[in-house]
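# Examining the three-dimensional arrangement
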Amino acid sequence: MTCPKCGNQLADGSTFCTNCGTQLGAASPFAQQQVNQQANAPYQNQYQNQNGYAGYAPAYDPYDHTADYDVKDISENKVIAMLPYLLGIVGIIIAMLGANESPYVKFHVRQALKFTVIDALLTIVGIVLIWTIIVPIACAVMSIVFLVIKIICFVQICGGKAKEPVIIRSLPFFK
Ligand SMILES: [Zn+2]
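Another point: the coordination of the zinc ion. On the protein side, the zinc ion has C3 (SG), C6 (SG), C17 (SG) and C20 (SG) as donor atoms, found 2.2 to 2.4 Å from it. Around the zinc ion sit 4 donor atoms, and with donor-metal-donor angles ranging over 105 to 112° the site reads as tetrahedral. Site description for the zinc ion: donor spacing in sequence, C-x2-C-x10-C-x2-C. One end of the pair, C3, is in the segment before α1 (29–50); the other, C20, is in the segment before α1, and 17 residues separate them in sequence. Judged by its relative accessible area of 3%, C3 falls in the buried class.

Printed below as a string of structure tokens:
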């Protein structure tokens with residue numbers, strides 16, 4: 001028998017073509033559909049990439065803005081970008097004065113500002129509602145969670161990344 005698609009010579013009773021992979025004989029419509037999908041997948045990928053979408057790429061992260069920043073900017077201003085996370089409001093001021101023309105630093109200043117605002121809110125709520133006991137404990141736990149996220153951000157800057165931190169990214173201010 002020969003493959004109806006590519007004409008390859010095959011042993012009688014073959015269920016698929018060894019050359020092009022076409023399902024042969026009593027293939028179920030579902031199996032046929034799968035083969036078609038596999039055959040089309042590379043074209044779909046190509047099409048989506050041409051249109052500027054990452055499509056199927058598993059590592060695509062819409063919150064990773066690293067590609068938006070200049071490599072030179074990142075390498076020159078990495079250390080300054082760390083200060084807002086390390087020193088809070090003081091670090092934010094230093095970064096804004098020291099590298100105001102750097103978009104990479106500005107991105108991290110915005111992220112660090114969100115952390116600072118959250119820390120301040122948690123502290124205020126914790127103090128005002130200290131008599132409830134449970135609220136200040138909850139605030140303390142949340143502060144620890146945000147500290148961990150901040151450490152993750154810090155590590156990402158060491159790698160020259162510009163990722164919006166989890167939880168922080170869903171805040172509506174300082175976009
Ligand atoms: Zn074939």
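What follows picks up the thread again.
As a further point, take the packing of aromatic side chains. Using the criterion set out here, one finds 3 aromatic pairs in the structure. Seen from their ring centres, Y69 and Y104 are 5.8 Å apart, and the 70° between their planes marks the pair as edge-to-face. Highlighted residues: Y69 in the loop between α1 and α2 (71–87) and Y104 in helix α4 (residues 103–128), separated in sequence by 35 residues. Classification of Y104 by relative accessible area gives buried; the value is 0%. Look at Y85 and F115: their rings are 6.0 Å apart centre to centre, the planes differ by 70°, and that puts the pair in the edge-to-face class. Pair noted here: Y85 is in helix α2 and F115 is in helix α4, with a separation of 30 residues, a long-range link. One exposure class covers both Y85 and F115, and it is buried. Taken together, the ring pairs connect Y69, Y104 and F107 into an aromatic cluster.

Right, let's get into the pattern of salt bridges. What the rule picks out here adds up to 2 salt bridges. A salt bridge links E76 to K72; the nearest nitrogen and oxygen atoms lie 3.5 Å apart. Separated by 4 residues within a single helix, E76 and K72 lie in helix α2, roughly one turn from each other. Assessed through its relative accessible area of 53%, K72 is described here as exposed. The shortest N-O distance in the salt bridge between D119 and K150 comes to 3.6 Å. With D119 in helix α4 and K150 in helix α5 (residues 134–158), this residue pair connects regions lying 31 residues apart in the sequence. Assessed through its relative accessible area of 26%, D119 is described here as partly exposed. Residue classification places K150 among the buried residues on the basis of a relative accessible area of 16%.

Calculation notes
- Residues numbered from 1 in each chain as written.
- Predicted model: local features only at pLDDT ≥ 70, side-chain atom pairs only at ≥ 80, totals over all residues.
- Heavy atoms only, no water.
- Donors = N, O, S within 2.8 Å, 3.2 Å for Na, K, Ca; no water.
- Tetrahedral: all angles 85-135°; square planar, octahedral: opposite > 155°, others 65-115°.
- Helix = DSSP H or I, 4+ residues; strand = E, 2+ residues; numbered from the N terminus.
- Buried < 20%, exposed > 50% of the residue type's maximum accessible area, 1.4 Å probe, protein only.
- Phe/Tyr/Trp six-rings, centres within 6.5 Å; stacked < 30°, edge-to-face > 60°.
- Salt bridge = Lys/Arg side-chain N within 4 Å of Asp/Glu carboxyl O.

None of this, on its own, says anything about what the molecule does.
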